[in-house]
Amino acid sequence: MEQALAVRDHFDLKPTFRYGPNMNSDFDLIVVGGGHAGCEAAAVAARMGVSTALVSFTKDSIGAMSCNPAIGGLGKGHLVREVDAFDGLIGRAADAAAIHYRMLNLSKGAAVQGPRVQADRKLYKAAIQRMLDAQDNLTIVEGEVASLIFDGQTVSGINLADESQITASAVILATGTFLNGKLFRGEETVAGGRTGEASAVSLGQQIRDANLPIARLKTGTPPRIDGRTIDWAALAEQPSDDDGWTMSPLSSRRDVPQIFCAVSRTSSATHDIIRNNLHRSPLFSGAIDAQGPRYCPSIEDKIHRFADRDSHQVFLEPEGLDTNLVYPNGISTSLPADVQEAFVRTMDGLSKADIIVPGYAVEYDHIDPRALDRSLKVRDLDGLYCAGQINGTTGYEEAAAQGLIAGMGAACAIQGKAVPELDRGTSYMAVMIDDLVLQGVTEPYRMLTARAEYRLRLRADNATTRLGTIAQDIGCLSAERERWFDARQSQRAAVIDQLQVVHSCEAIAGQGIDVRRDGTKQSLFEWLRFPNISIASLEGLGISCVDIDSGLLAEVEEDARYAPYLQRQEAELKDLRANEQIRLSDDLDYAAIAGLSNEMVERLKGARPETLAAASRVRGITPAALAAILVHARRREVKNLAA
């Protein structure tokens, strides 16, 4: 497979940066870490007019894709579209780097379809860096954060390793896997957040000393294979989708050359080699005891846990246009390099494969997210926020969404604004935050469509419609995005207005559409519920769609088809939102509420729900317990008012 394709001239891989090392400076906000969470946090705060410093070990590592060079997927693609609706970076950067597009679950309903792209690593990082470099109110600072500056229970800045200081009203920690990060490969162990990069040891120790709830988690990565040594002809090709969709609607077209991925499988010989060497894996030797991601386990875990499986699918995904590296998605491992080479060569098409970079596992510190509120601020410390893998999640998309939430939360606090009201009925981002701050994590958290009770209304294609007005009201849209959004809203309103006209079944049949002639009369929007009716097929009835975006028309059609199901959820959503208005004090004494079991009290103390609706989602809390909490909260409110 040819990897050395020419990169288009307009992709500048050397953007300029602003620096601020070795000097004392004041900002409104400091973001620590230049990964997906940190970049989104810094960018959204700067768009909102907050003076922001983004601090990273090195300027060149900002925006790096440390694991799989892919963006999106099931649940994850929804997060990308939602971040994009707030004018975030990840969707546009994905399009600027996408060498392969694939809509997952295409045979299923639109609500559970997941847009995913394979990205060129260099192009993705360059796109992120270009956007950050062009962002007003944002300064890039190159350096190691040695410690936070505390003023009592308030965080007011950072100390760098070069002894310079930066002060601010708030700090967002987006340190990824770098907080006391340790790399494992077989018997080898080295400090680091990813291969070739340092670990944030001193900062990690200070956070532990601050008595924040800290635990360890594990993630991993597969070996990188030389694509020139793969027998591509022996493998099933997986071409890029050809229908032209993009991750961000602001990306008008696909500018990057498209290449195919391929599919291989493990074999019984693969499994035998792995089983015979489990004692050399740090996951089984006891060197690592942190929990890894359940939904993306290492190949050692798969072979051990699913011993009845004869083989596992492996996707061979090129890492870029000008590199021979291929990412074998599905064989994350921490086995020794010699074992990795041996088992890789037992797989279809890989009998002569050479490993360029062996896989490894990463163990790192994370904060129990139950210590955070819904803006991702540490509840017991003023001015400190956390976003990304430090909160116990896994994945670029989850990190980017948390960065956006934390950046908006910090900016709103600095500017004295109310934080946007997002709930489980409006976004996957709110589902994730709610899950994290109420339930905590026992393994790296990954977004899944199954986590959302209201996923029928949370489609990837309608993220802008769901969230665009909220983004506009809070002031985080660029002038370009705001103009585009206003024009789109006008187009949408015009289309919806045309679809309100009532027509009979005879009129519909007159357009050559097969419908039952039973005297039915309803609006064209209601007629769209039928799968054989599209907006285009109704043009003879006065519908004019000239110059209307095709993606918008497809979204309106899906809105019509899902409408009957969404109407059934309205009463439930009304109750949810009513209970979200009933606030619970952070210091509510659950042990003093009659009728709550010791287990309930313990879980509520750990979760510290902010509203009655949130309390209802804490595991094991019954309707009777909620009634008792409501009565106690209202009595306390009356007592406080009387005082």
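That block above? That's the structure.
All of these numbers come straight from a predicted model, not from anything done at the bench. (Residues numbered from 1 in each chain as written. Predicted model: local features only at pLDDT ≥ 70, side-chain atom pairs only at ≥ 80, totals over all residues. Heavy atoms only, no water.)

**Observations regarding the overall build of the protein chain**
No. 1: In terms of regular secondary structure, the protein chain is built from 19 helices and 24 strands.
No. 2: Seen along its three principal axes, the alpha-carbon backbone of the protein chain occupies a region of about 80 × 75 × 50 Å.
No. 3: Long-range pairs, those at least 24 residues apart, make up 74% of the contacts in the protein chain with a sequence separation of at least 6.
No. 4: Per element, the accessible surface of the protein chain, about 26200 Å² overall, is 48% carbon and sulfur.
No. 5: Between the mean site of the 68 positive side-chain charges and the mean site of the 85 negative ones, the protein chain shows a separation of 4 Å. (Helix = DSSP H or I, 4+ residues; strand = E, 2+ residues; numbered from the N terminus. Contact = heavy atoms within 4.5 Å. Areas by Shrake-Rupley, 256 points an atom, 1.4 Å probe, with all protein chains shown as cover. Lys, Arg positive; Asp, Glu negative; His and termini not counted. Charge placed at Lys NZ, Arg CZ, Asp CG, Glu CD.)

**Section: the environment of Gly38**
No. 1: If you trace the backbone, Gly38 turns up in helix H1 (residues 36-47).
No. 2: As a C-alpha pair, Gly38 and Val55 span 17 residues in sequence and 8.8 Å in three-dimensional space.
No. 3: Beyond its immediate sequence surroundings of up to four residues, Gly38 is in contact with Val31, Gly33, Leu54 and Ala174.

**Thoughts on the sheet that holds strand E17 (residues 261-265)**
No. 1: Ordered by their spatial adjacency, six strands build an open sheet running E16-E17-E18-E19-E15-E20, and the pairing between neighbours is antiparallel. The outermost strands of the open sheet, each flanked by one partner alone, are strand E16 (236-238) and strand E20 (355-357). On average, each strand axis in the sheet is tilted by 40 degrees relative to the strand beside it, whichever way the strands run. (Pairing = 2+ DSSP bridges. Axes fitted to C-alpha atoms, helices over the stretch in contact; angles between N-to-C directions.)

**Quick look at the pattern of salt bridges**
No. 1: Taken as a whole, this structure holds 46 salt bridges when the rule is applied.
No. 2: A salt bridge links Arg228 to Asp226, with the nearest nitrogen and oxygen atoms 3.0 Å apart.
No. 3: Taking the relative accessible area as the measure of exposure, Asp226 reaches 7% and is therefore buried. (Salt bridge = Lys/Arg side-chain N within 4 Å of Asp/Glu carboxyl O. Buried < 20%, exposed > 50% of the residue type's maximum accessible area, 1.4 Å probe, protein only.)

**Comments concerning the side chain of Ser523**
No. 1: Relative to the assigned elements, Ser523 resides in strand E24 (residues 521-523).
No. 2: Classification of Ser523 by relative accessible area gives buried; the value is 8%.
No. 3: If near-sequence neighbours (up to four positions away) are discounted, Ser523 is found in contact with Leu499, Gln500, Val501 and Val502.

**Here we look at the packing of aromatic side chains**
No. 1: Tallied over the entire structure, the rule returns three aromatic pairs.
No. 2: Taken together, a centroid distance of 5.1 Å and an interplanar angle of 90 degrees make the contact between Tyr101 and Trp245 edge-to-face. With a gap of 144 residues between them, Tyr101 in strand E5 (residues 98-104) and Trp245 in the loop between E16 and E17 connect regions that are remote in the sequence.
No. 3: Directly above the aromatic system of Tyr101 lies the positively charged group of Arg254, at a separation of 3.8 Å from the ring centroid. (Phe/Tyr/Trp six-rings, centres within 6.5 Å; stacked < 30°, edge-to-face > 60°. Lys NZ or Arg CZ within 6 Å of the ring centre and 35° of its normal.)

**Some details on the packing of helix H10 (residues 396-415) against helix H11 (residues 428-439)**
No. 1: It is at 10 Å that the axes of H10 and H11 come closest, and there the two elements cross at 85 degrees. For the element pair H10 / H11, the angle class is roughly perpendicular. Packed against H10, whose contacting residues are Glu398, Ala401, Gln402, Leu404 and Ile405, the element H11 presents Met429, Met432, Ile433 and Leu436 at the interface.
No. 2: Split into classes, the residues belonging to the contact of H10 with H11 amount to seven nonpolar, one polar and one charged. (Parallel < 35°, antiparallel > 145°, perpendicular 65-115°, else oblique. Nonpolar A, V, L, I, M, F, W, Y, C, P; charged D, E, K, R; others polar.)

**Things to note about the nonpolar core**
No. 1: One finds Ile71, Ile158, Leu173 and Met429 to be the most contacted residues of the largest nonpolar core, which totals 114 residues.
No. 2: The residues contacting Ile158, other than those within four sequence positions of it, are Ile30, Val32, Val55, Val145, Ser147, Leu148, Ile149, Ser164, Gln165, Ile166 and Val171.
No. 3: Residues Leu524, Leu541, Ile548 and Ala563 belong to the second largest nonpolar core, which totals 23 residues. (Core = buried A, V, L, I, M, F, W, Y, C linked by side-chain atoms within 4.5 Å.)

**Some points on H11**
No. 1: With 12 residues, H11 ought to run about 16 Å at 1.5 Å a step, and its terminal C-alpha atoms sit 16 Å apart, in line with that.
No. 2: The element H11 is largely enclosed, with a buried count of 12 among its 12 residues.
No. 3: Of all the residues in H11, the buried ones are Tyr428, Met429, Ala430, Val431, Met432, Ile433, Asp434, Asp435, Leu436, Val437, Leu438 and Gln439.
No. 4: Note on H11: the residue one or two positions beyond its end, Gly440, has a positive phi of about 70 degrees. (Expected span 1.5 Å × (residues − 1).)

**A few points about the sheet that holds strand E8 (residues 145-151)**
No. 1: Pairing is mixed across the open sheet formed by four strands, whose spatial order is E1-E10-E9-E8. The open sheet is flanked by strand E1 (25-26) and E8, the only strands paired with a single partner.
No. 2: Here three bridges tie strand E9 (residues 154-160) to strand E10 (residues 165-167), and the two strands are oriented antiparallel to one another. For Gly157, the partnering residue across the bridge sits in E10 and is Thr167.

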